[in-house]
Protein chains: 2
Amino acid sequence: MDLNSLYEGIIAGNRRALARGLSWIDEGSVRGKELAHRLFAHTGHARIIGITGAPGVGKSTLVNALALELRKRQNTVGILAVDPSSPYSGGAILGDRIRMQESVDDKGVYMRSLASRGHVGGLSRAAFGAINLLDAAGFDTILVETVGAGQAEVDIMRYAQTVLVVLAPGLGDDIQAIKAGILEIGNVFVVNKSDRDGAELTVRSLKGLLSLSGEASPWTVPIIKTQADRFVGIKELIEAIDQHQVYLREHNLLDNLRYQQAEHILKQSLEDIMVAVQSEMEHQGIWRQSVLDILSGEDSTRKAKTLLTQWLKTSAQGE
Amino acid sequence: MDLNSLYEGIIAGNRRALARGLSWIDEGSVRGKELAHRLFAHTGHARIIGITGAPGVGKSTLVNALALELRKRQNTVGILAVDPSSPYSGGAILGDRIRMQESVDDKGVYMRSLASRGHVGGLSRAAFGAINLLDAAGFDTILVETVGAGQAEVDIMRYAQTVLVVLAPGLGDDIQAIKAGILEIGNVFVVNKSDRDGAELTVRSLKGLLSLSGEASPWTVPIIKTQADRFVGIKELIEAIDQHQVYLREHNLLDNLRYQQAEHILKQSLEDIMVAVQSEMEHQGIWRQSVLDILSGEDSTRKAKTLLTQWLKTSAQGE
């Protein structure tokens, strides 16, 4: 399939086109980047919910429970699990996970994991692209699950409208271990496995920390207790998500996020041109001579401008 | 001082100009980047020796000993200590360190530490710029010391012609702990503190590892035992460095390195233009409208090309 038919197919809701497009993106390919950028104009419909937290807190079970509850409410759900350490590809883990539940053959749920074996920053970019594809494909809600709390994960959560930070009592990942940066990005906190010893302590410490954070926001961060494996607290959690979405709309914050996403795409397009210039000039045999010119003392900024001018001319002719 | 007078001053060997230029680079400023690029045409004279290894192996003492021995041989020596965690700036640590030795007031030694409080990749870039400045300033030998073995340190070692990997016995940083990637970049291995228990074991394990590495290079990586605090083994180490430099010359590998450096600079110049485009367009109030156009469905690649074309026109007029 070529770019145009994938583009049309994804907008039309074709699952095969979507799967193919997501693979292009996971590969970090040029065509995947172009596809994501072009589809951006068809996004803005979905609610994008991020779910993050340390390993072992039960994020996957929680995502699963959320998806099932949302389906009951006639929401279509796209799930994106971002896991750079995953040895699987093509959504195998999630696929298996959901299949164990009752949502087999449910056309309203689509799952995909992203491993993105690319360079630094590649994962975050791939996640953004994948979110755009799922949004353009028409899902009402997109659940983005990230493992751990590295910088890449925090970056990815920036694309979400509502961020759930998930904790569990007595996992060694107690409050003190919450990485700086995670507290700030959480819009809703979830204490999962709340039937365990120490759940109340976790809630109390969290309340203490949140009261200290001192950011004067009109949004009061709620703490929801869940037992995702038994579907306890899931309705309350969705209620909290809904309230946060209302808050975002009332304060025009969704528009801000859309603006940032568009700006992000413009910056990426500029970066992509730099990469394209090099590969085009290598192809034409000009790159090596340019490097040699710099070795002979030519000014590198001037040389870069010359290459860019040349590339822009060629690329205009190609259109 | 402006860019031109720093440029002239550094080539003329003026120490104040060099110190100022290095500060520009450590700040990650645009003028620092431009200075480093322009001075590249005046580099290629110095031998660039990298020294890396885990904390506690005695790298600083070793660098100190090397500098003193090189001075005895009438080499001028520039020392660059790259330490992102350093709370000092302006070479305070190294300055104190060397001053303790007999090289007080020696005009043939210059030391500087680099902390580079910039974004990811900023440290590596600053180190490359600083090496260019020291080279253009005319030092015969540049010793680049990096702490630890993170990706940034490995990147920085790519700019060195000869890389010394330093170990010490019984530091918990035994052979098994050598990070992948470090073994590959070492041209000379140094077992420092070789009077300690376990030194022979360290040497033997190292030999075993090196024999396994299986890379068919005509260069046989030597293992030199030193006690840097007592100046034991320093002459032998310099002998090994000299031999590696002869090897590099005989196999035209120094030319390869120069080519890579020039290519690196050309890529950096392209990246710098992208950043300049954004800030210039923000300044002109065009950036925001461009982002809004993308939100309205305009193609981001086309928009990026338009901005670039516009920027190139303005920048040509400014010349």
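I will try to describe carefully the structure that is included in this document. For every chain, the first residue of the written sequence is number 1, and numbering continues from 1 onward in sequence order. Chain labels run from A onward and ligand labels from 1 onward, assigned in the order the entries are written. This being a predicted model, a pLDDT of at least 70 is required before a residue's local features are given, and a value of 80 or more before pairs of side-chain atoms are given or counted; all residues contribute to the totals for chains, interfaces and linings. As a convention, hydrogens and water are excluded, and side-chain values are obtained from all of the structure's heavy atoms.

### Side note on the overall build of chain A
Next, step 1: Secondary structure elements follow DSSP: runs of H or I no shorter than four residues count as helices, runs of E no shorter than two count as strands, and numbering proceeds from the N terminus. Counting its regular elements, chain A contains 13 helices and 7 strands.
Next, step 2: The classification of residues rests on relative accessible area computed with a 1.4 Å probe and restricted to protein chains. Under 20% of the type maximum is buried, over 50% is exposed, and intermediate values are partly exposed. Out of the 319 residues belonging to chain A, those deemed buried represent 52%.
Next, step 3: With residues, only the protein chains shown are counted as cover, and all accessible areas are computed by Shrake-Rupley using a 1.4 Å probe. When the accessible surface of chain A is split by element, carbon and sulfur atoms take 50% of a total near 14,700 Å².

### With respect to empty space enclosed by the protein
Next, step 1: Definitions used throughout: a 1 Å grid over protein atoms alone; a cavity as a set of points that fits a 1.4 Å probe which cannot get out; a pocket as an open set with protein on both sides within 12 Å along at least five of seven lines; a lining residue as one with an atom within 4 Å of a point. Grid points are joined across faces, edges and corners, and a volume is the space filled by probe spheres set on the points. One pass over the full model with this rule turns up 2 cavities of 30 Å³ or more.
Next, step 2: In this structure, the largest cavity spans a volume of roughly 40 Å³.
Next, step 3: Lining the largest cavity, in full, are B:Arg47, B:Ile49, B:Leu66, B:Leu70, B:Thr141, B:Leu143, B:Ile238 and B:Ile241.
Next, step 4: Side-chain classes are defined by residue name, with Ala, Val, Leu, Ile, Met, Phe, Trp, Tyr, Cys and Pro counting as nonpolar, Asp, Glu, Lys and Arg as charged, and the others, Gly among them, as polar. For the lining of the largest cavity, the per-class residue count stands at 6 nonpolar, 1 polar and 1 charged.
Next, step 5: Considered as a void within the structure, the second largest cavity measures approximately 30 Å³ in volume.
Next, step 6: Lining of the second largest cavity is provided by A:Arg47, A:Ile49, A:Leu70, A:Leu143, A:Ile238 and A:Ile241.
Next, step 7: For the lining of the second largest cavity, the elements supplying multiple residues, two or more each, are β1 (47-53) and α10 (234-250) of chain A.
Next, step 8: Tallied by class, residues from the lining of the second largest cavity come to 5 nonpolar, no polar and 1 charged.

### So, the interface of chain A and chain B
Next, step 1: Counting from both sides, the interface comprises 41 residues of chain A and, opposite them, 41 residues of chain B.
Next, step 2: Taken as a group, A:Tyr259, A:Leu266 and A:Leu270 account for 19% of the area that chain A buries against chain B, more than any other trio of residues on that side.
Next, step 3: A pair is scored as a salt bridge if a Lys or Arg side-chain nitrogen falls within 4 Å of a carboxyl oxygen belonging to Asp or Glu. One can count 0 salt bridges joining chain A with chain B.
Next, step 4: Within 3.5 Å is the distance limit for a polar contact, defined as a pair of N or O atoms, with the added protein rule that one can donate a hydrogen and the other accept it, and that residues adjacent in sequence qualify only through two side-chain atoms. Across the chain A-chain B interface, the total number found is 8 residue pairs in polar contact (both at pLDDT 80 or more).
Next, step 5: Where the side of chain A that touches chain B is concerned, the elements lending two or more residues are α3 (30-39), α11 (253-283), α12 (286-295) and α13 (300-317) of chain A. Here, residues are in contact when the closest pair of their heavy atoms is within 4.5 Å. Buried area: the accessible surface (1.4 Å probe) lost by two parts on joining, summed over both.

### Considerations on the pattern of salt bridges
Pairing of side chains with opposite charge becomes possible as their charged atoms draw close.
Next, step 1: As enumerated under the stated definition, the model contains 18 salt bridges over all chains in all.
Next, step 2: A salt bridge links A:Asp293 to A:Lys303; its shortest N-O distance comes to 2.8 Å. Of the two residues, A:Asp293 sits in helix α12 while A:Lys303 sits in helix α13, which places them 10 residues apart along the sequence.
Next, step 3: A:Lys303 sits in the buried class, given a relative accessible area of 11%.
Next, step 4: The salt bridge involving B:Asp155 is made with B:Arg158; its shortest N-O contact spans 3.0 Å.
Next, step 5: By sharing partners, the salt bridges in this structure join A:Glu69, A:Lys72 and A:Arg73 into a single network.

### Focus on the relation of the copies chain A and chain B
Next, step 1: The superposition of copies rests on a least-squares fit of C-alpha positions from residues with pLDDT of 70 or more in both. Note on the copies: chain A fits chain B at an RMSD of 0.1 Å, the axial shift is 0.0 Å, and the rotation between them is 179°. Seen this way, the second copy is the image of the first under a two-fold rotation axis.
Next, step 2: Interface overlap between copies is the fraction of interface residues in one copy that are interface residues in the other; for chain A against chain B it reaches 100%, indicating a shared surface.

### Let's talk about the pairing of strand β4 (residues 141-147) of chain A
Residues and elements named next belong to chain A.
Next, step 1: Along β4, 6 of the 7 residues are buried, which leaves the element largely enclosed by surrounding structure.
Next, step 2: The pairing criterion is simple: DSSP has to find at least two bridges between the two strands. Pairing of β1 with β4, which is carried by 7 bridges, proceeds in the parallel orientation. Within β4, the residue paired with Ile 48 across the bridge is Ile 142.
Next, step 3: Two strands pair when backbone bridges link them, and strand β2 (residues 77-82) and β4 are joined in this way by 6 bridges, in the parallel orientation. Across the sheet, the residue bridging to Leu 80 is Val 144, located in β4.

### A look at the packing of helix α6 (residues 122-136) of chain A against α11(A)
Residue and element names in this part refer to chain A.
Next, step 1: Here an angle of 0 to 180 degrees is reported between the N-to-C directions of two axes, which are lines fitted to C-alpha atoms, with helices fitted over the stretch in contact. Packing of α6 against α11 brings their axes to within 12 Å, and their N-to-C directions diverge by 125°. Here α6 lies oblique to α11, going by the angle between them. Between α6 and α11 the crossing geometry is left-handed. Where α6 abuts α11, its residues Arg 125, Phe 128 and Asn 132 lie against Gln 261, His 264, Ile 265, Gln 268 and Asp 272.
Next, step 2: In terms of residue class, the contact of α6 with α11 is made up of 2 nonpolar, 4 polar and 2 charged. Working definition: roughly parallel below 35 degrees, roughly antiparallel above 145 degrees, roughly perpendicular at 65 to 115 degrees, and oblique for all remaining angles. Crossing handedness: left-handed means the near helix sits turned counterclockwise from the far one by under a right angle, and right-handed means the same turn made clockwise.

### Topic: the environment of A:Asp195
All names here are of chain A.
Next, step 1: Topologically, Asp 195 is positioned in the loop between β6 (188-191) and α9 (199-212).
Next, step 2: The class of Asp 195 is exposed, set by a relative accessible area of 52%.
Next, step 3: A sequence separation of 32 residues divides Asp 195 from Gln 227, and the C-alpha atoms of the two residues are 7.1 Å apart.

### Focus: the nonpolar core
Next, step 1: Throughout, nonpolar core names a set of buried Ala, Val, Leu, Ile, Met, Phe, Trp, Tyr and Cys residues whose side chains join them through atoms within 4.5 Å. Of all hydrophobic cores here, the largest spans 131 residues; its most connected members are A:Leu308 and B:Leu308.
Next, step 2: The residues contacting A:Leu308, other than those within four sequence positions of it, are A:Ile273, A:Met274, A:Val277, B:Leu270, B:Ile273, B:Met274, B:Leu308 and B:Leu312.

### Concerning the sheet that holds strand β3 (residues 109-114) of chain A
Residues and elements named next belong to chain A.
Next, step 1: If you trace the 7 strands from one edge of the open sheet to the other, you get β3-β2-β4-β1-β5-β6-β7, paired in parallel fashion. Taken across any chain shown, the strands that pair with only one partner, and hence form the sheet edges, are β3 and β7 (223-225). In this sheet, neighbouring strand axes are inclined to one another by 20° on average, regardless of whether the strands run parallel or antiparallel.
Next, step 2: Pairing analysis gives 4 bridges linking strand β5 (residues 162-167) to β6, with the strands arranged parallel. The residue of β6 that forms the bridge with Leu 167 is Val 191.

### Some words on the environment of B:His37
Next, step 1: One can find B:His37 in helix α3 (residues 30-39).
Next, step 2: Residue B:His37 is classed as buried on the basis of its relative accessible area of 11%.
Next, step 3: Setting aside chain neighbours within four positions, we find B:His37 in contact with A:Ser300, B:Arg125, B:Ile265, B:Gln268, B:Ser269 and B:Asp272.

### Describing the packing of aromatic side chains
Residue and element names in this part refer to chain A.
Next, step 1: Stacked, edge-to-face and tilted labels apply to pairs of Phe, Tyr and Trp rings (six-membered ring for Trp) whose centres lie within 6.5 Å, assigned for plane angles under 30 degrees, over 60, and everything in between, in that order. Evaluated as defined, the whole model comprises 6 aromatic pairs over all chains.
Next, step 2: Aromatic side chains Trp 219 and Tyr 247 sit 5.4 Å apart centroid to centroid with 35° between the ring planes, which places their arrangement in the tilted category. With Trp 219 in the loop between α9 and β7 and Tyr 247 in helix α10, the pair connects residues that are 28 residues apart, well separated along the chain. Each member of the pair, Trp 219 as well as Tyr 247, is classed as buried.
Next, step 3: Across from the ring centre of Tyr 7, 4.4 Å away, lies the NZ or CZ of Arg 38, which sits over that ring. Distance and angle both matter: a charge sits over a ring if NZ of Lys or CZ of Arg is within 6 Å of the ring centre and within 35 degrees of the ring normal.

### Focus on the side chain of A:Arg112
All names here are of chain A.
Next, step 1: By the secondary structure assignment, Arg 112 is in strand β3.
Next, step 2: Although Arg 112 lies buried, it forms no salt bridge, and the closest oppositely charged side chain, Asp 26, sits 4.1 Å away as judged by the N-O distance.
Next, step 3: Engagement of the side chain of Arg 112 in a polar contact is seen with the side chain of Ser 23, the distance being 3.4 Å. As used throughout, the charge tally considers Lys and Arg to be positive and Asp and Glu to be negative, leaving His and the chain termini uncounted.

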